[in-house]
Amino acid sequence: MQTTQIRLARRPVGEPQDDDFETTTVELPELQDGQILVRAVYLSLDPYMRGRMSEARSYAAPLEIGDVVLGQTVCEVLESTVPQRAPGDLVLAYTGWQTHAVVDARQVRRLDPDAAPVSTALGVLGMPGFTAYAGLLEIGRPAEGETVVVAAAAGPVGSAVGQIAKLKGARAVGIAGGADKTRLLTEEFGFDVALDHRSATFTDDLRAATPDGVDVYFENVAGPVGEAVLRRMNTYGRVPVCGLVANYNATSAPDSALGFPSFMNLVLTRSLTVRGFIQDEFAPTHTEAFRRDMTPWVADGTIRYREDVVEGLENAVDAFRGLLAGRNVGKLLIKVS
Ligand code: NAP
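Treat the numbers as computed from the prediction; the structure is a model and nothing was measured. Residue positions within a chain follow its written sequence, with the count starting from 1. Local features in this predicted model are restricted to residues of pLDDT 70 or higher, and side-chain atom pairs are both shown and tallied only at a pLDDT of 80 or more, whereas totals for entire chains, interfaces and linings draw on every residue. Computation of side-chain values covers all heavy atoms of the structure but excludes hydrogens and water.

Mind showing me how you'd approach the overall build of the chain here?
A run of H or I in DSSP becomes a helix once it reaches four residues, and a run of E becomes a strand once it reaches two; helices and strands are each numbered from the N terminus. Within the chain, the secondary structure is distributed over nine helices and 15 strands. The size measure is the radius of gyration over C-alpha atoms, and the globule rule it meets is 2.2 Å times the number of residues to the 0.38 power. A compact globule built from 337 residues should have a C-alpha radius of gyration of about 20 Å, and the chain, at 20 Å, falls within 12% of that. Across its three principal axes, the chain shows a C-alpha extent of roughly 60 × 45 × 35 Å. For the exposure calls, accessible area comes from a 1.4 Å probe over protein chains only, and a residue counts as buried if that area is under 20% of its type's maximum, exposed if over 50%, partly exposed in between. Put simply, the chain has 337 residues, and 50% of those count as buried.

Even after reading the chapter, I still don't get helix α3 (residues 156-167), so can you show me in this structure?
Count 3.6 residues to each turn of an α-helix, and residues three or four apart come out pointing the same way. Expected helix span is given by 1.5 Å per residue-to-residue step, counting one fewer step than there are residues. Over its 12 residues, α3 extends 17 Å from the first C-alpha to the last, a length consistent with the 16 Å expected when each residue adds 1.5 Å. Among the 12 residues of α3, 10 are classified as buried, and the element is accordingly described as predominantly covered. Residues P156, V157, G158, S159, A160, V161, G162, Q163, I164 and A165 constitute the buried set of α3. For this analysis, residues touch if any pair of their heavy atoms sits within 4.5 Å. Among the structural elements, α2 (127-140), β8 (147-151), β9 (171-176), β11 (214-218), α8 (283-299) and β15 (331-335) are those in contact with the buried residues of α3. A positive backbone phi angle near 85 degrees is found at G169, which sits one or two residues after α3.

Teacher, can you tell me more about the site of the ligand here?
Whether a residue is near a molecule or strand depends on its heavy atoms: it is near if one of them lies within 4 Å of it. Taken together, 27 residues lie around the ligand, and K181, H197, N220, Q279 and N328 are the ones closest in. Within 3.5 Å is the distance limit for a polar contact, defined as a pair of N or O atoms, with the added protein rule that one can donate a hydrogen and the other accept it, and that residues adjacent in sequence qualify only through two side-chain atoms. Contact distances for the ligand include 3.0 Å between an oxygen atom and a backbone N or O atom of V157. About the coverage of the ligand: the protein hides 91% of its 910 Å² of free accessible area. The nonpolar class holds Ala, Val, Leu, Ile, Met, Phe, Trp, Tyr, Cys and Pro. Asp, Glu, Lys and Arg form the charged class, and all remaining residues, Gly among them, are polar. Of the residues belonging to the shell around the ligand, the class tally is 16 nonpolar, nine polar and two charged. With residues, only the protein chains shown are counted as cover, and all accessible areas are computed by Shrake-Rupley using a 1.4 Å probe.

Where do I start with the packing of aromatic side chains in this structure?
In this description, an aromatic ring pair is defined by two values, namely the gap between the centres and the angle between the planes. A pair of Phe, Tyr and Trp rings is counted when the ring centres sit within 6.5 Å of each other, with Trp represented by its six-membered ring. The angle between the planes then sorts it: under 30 degrees is stacked, over 60 is edge-to-face, the rest tilted. On inspection of all chains with the given rule, the structure shows eight aromatic pairs. Here a set of aromatic residues connected by ring pairs shows up, and it is made of F130, Y133, F290 and W297.

Is there a simple way to think about helix α5 (residues 202-209) in this case?
Buried within α5 are the following residues: F202, L206 and A209. The buried residues of α5 occupy an angular sector of 70 degrees when the element is viewed end-on, so they sit on one face. On the buried face of α5, the contacting elements are β9, β10 (193-196) and α6 (223-230). What the arc covers is the set of directions going from the helix axis to the C-beta atoms.

What should I look at first to understand the nonpolar core in this one?
Generally speaking, a soluble globular protein has its nonpolar side chains buried in company with each other. Residues belong to a common nonpolar core when they are buried Ala, Val, Leu, Ile, Met, Phe, Trp, Tyr or Cys residues joined through side-chain atoms within 4.5 Å. Counting 35 residues, the largest nonpolar core has L136, V161, I164 and M294 as its most contacted members. Those elements that provide at least two residues to this core are α2, β8, α3, β9, α4 (179-187), β11 and α8. For this core, the leading source of residues is α2, giving six residues. Setting aside anything within four residues of it in sequence, one finds V161 in contact with A132, L136, V148, V150 and F218. Counting 34 residues, the second-largest nonpolar core is a separate cluster that includes I6, Y48, A93 and A319.

Would you take a moment to explain the pairing of strand β13 (residues 273-276) for this structure?
On any regular strand, side chains alternate: one points to one face of the sheet, the next to the other face. A pair of strands is labelled paired if DSSP reports no fewer than 2 bridges between them. Both strand β12 (residues 233-241) and β13 contribute to a ladder of four bridges, which runs parallel. Bridge assignment links V241 to a residue of β13, and that residue is G276.

I'm lost on the side chain of T73 in this one. Help?
Secondary-structure assignment places T73 in strand β4 (residues 73-80). Within the local environment of T73, its side chain forms a polar contact with the side chain of T95, the two groups lying 2.7 Å apart. Leaving out residues up to four positions away in the same chain, T73 has contacts with A40, Y42, L43, V91, L92, A93, Y94, T95, G96 and L122.

Is there a simple way to explain the domain arrangement of the chain in this structure?
How large an interface is tends to be reported as the accessible area lost when its parts come together. You can read the domains of the chain as domain 1 (2-123 + 305-335) and domain 2 (127-279). Each domain's extent was defined by an automatic or database domain assignment. Computed over C-alpha atoms only, the centres of domain 1 and domain 2 are separated by 29 Å. At the junction of the two partners, domain 1 supplies 22 residues and domain 2 supplies 14 residues. Note: buried area is the sum, over both parts, of the accessible area (probe 1.4 Å) each one loses when the two are combined. The junction of domain 1 with domain 2 conceals about 1,400 Å² of combined surface from both sides, 62% of it contributed by carbon and sulfur atoms. Salt bridge, as applied in this entry: a Lys or Arg side-chain nitrogen positioned within 4 Å of an Asp or Glu carboxyl oxygen. The interface formed by domain 1 and domain 2 contains zero salt bridges. In this structure, the connection of domain 1 to domain 2 is made through five residue pairs in polar contact (both at pLDDT 80 or more). Elements with a minimum of two residues in the side of domain 1 that touches domain 2: α1 (48-52) and α9 (316-325).

Is there a simple way to explain the sheet that holds β10 in this structure?
By definition, the strands of a sheet pair up through backbone hydrogen bonds, in either a parallel or an antiparallel sense. If you walk across this open sheet you meet the six strands as β10-β9-β8-β11-β12-β13, and the pairing is parallel. Of all the strands in the sheet, just β10 and β13 have a single pairing partner and so form its edges. Direction aside, the axes of adjacent strands within the sheet are offset by 15 degrees on average. To get an axis, fit a line to the C-alpha atoms, keeping to the stretch in contact for a helix; angles then go from 0 to 180 degrees between the N-to-C directions. Running over the sheet, α5 touches β9 and β10 and is turned about 165 degrees from β10.

Before we go on, may I ask you to explain the pairing of strand β3 (residues 35-44) in this structure?
Of all the 10 residues making up β3, eight are buried; the element is thus mostly covered by neighbouring parts of the structure. Bridging between β3 and strand β6 (residues 100-104) involves five bridges; their strand directions are antiparallel. If you follow L37 over to β6, its bridge partner there is V102. As judged from the seven bridges shared by β3 and β4, these two strands associate in the antiparallel manner. The partner of I36 across the bridge, within β4, is S80. Taken together, the three bridges between β3 and β15 define a ladder with antiparallel strand orientation. Within β15, the position partnered with Y42 by the bridge is K335.

The structure is reproduced here in structure tokens:
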């Protein structure tokens, strides 16, 4: 059995280029006891992957040159050496940007296709949905009548943040790029207001959309959008710092109109709680509640989601570039086979 893999050929500088990756086909090893052979059905593309391609110090070790690019997948079991997994089973695995893999059977989780479409295990019912749920409820703690603002609001994290905020009785203001996405925010995801961060009037629009200030800013993007929202924070506001996607392709220190002294002045004078997090830290404490709440919410349509499915592993690099530039609408997935 062979697998076709996309490996890191060199570290991208700025926006990832085709030549930063190489595609190879290699033989897979023989199955050993305890292992299963799988083929990838869906590959999740996520912004964090850009950080792993760089050498900069982060919360996890970077990829080495020549490594298969990492990523979570939904796979079909083709062969198994363990009674708990049978050919045809669909599993959540971590096989990266490749078509097939041999993995330890204990490292995969079986998915029930009757409970929810299996692709949702990579989105609204998976890591991005969990990030929104845990980060918003644990750090953001939205209360009834408060104003919650989130950017990248058409993506899997932001769309779940807005909808969970609404379920908690808050007012949800979503920020996204372009008219199609802002329409989606109000018409599909139920945000109270949607703002286009590419509009020349964005700062004025934000002021008009938050007449009572901002109580929770769920930070997904940073850059000018983040700075504009921070200036609107109320006393005792909470800022779960989830991601800084505006900076992921940066080749030098990003410009800041706000600046560090003014930022610290805001934190002090408005008694802000600014708390970064990586979703794994909440796995032990929030997984059970997440599954208990989110599974029925998604099943009965209380929480809606969008997927952006790109066909073919050969299109992964281009789709990944698009993710960082805002070309995706909803959770970006590669349909591998
Ligand atoms: P996503 O929303 O599907 O994709 C990223 C989006 O960011 C793009 O579609 C684009 O949407 C927006 N964007 C890119 N550059 C921007 C800019 N300069 N200004 C404003 N918006 C910009 O991604 P996601 O998977 O839901 O992730 C959202 C954020 O959560 C990312 O920062 C990610 O790193 C973070 N995250 C963190 C954790 C954690 O554990 N801390 C876990 C998962 C995700 P527009 O077209 O709307 O601009």
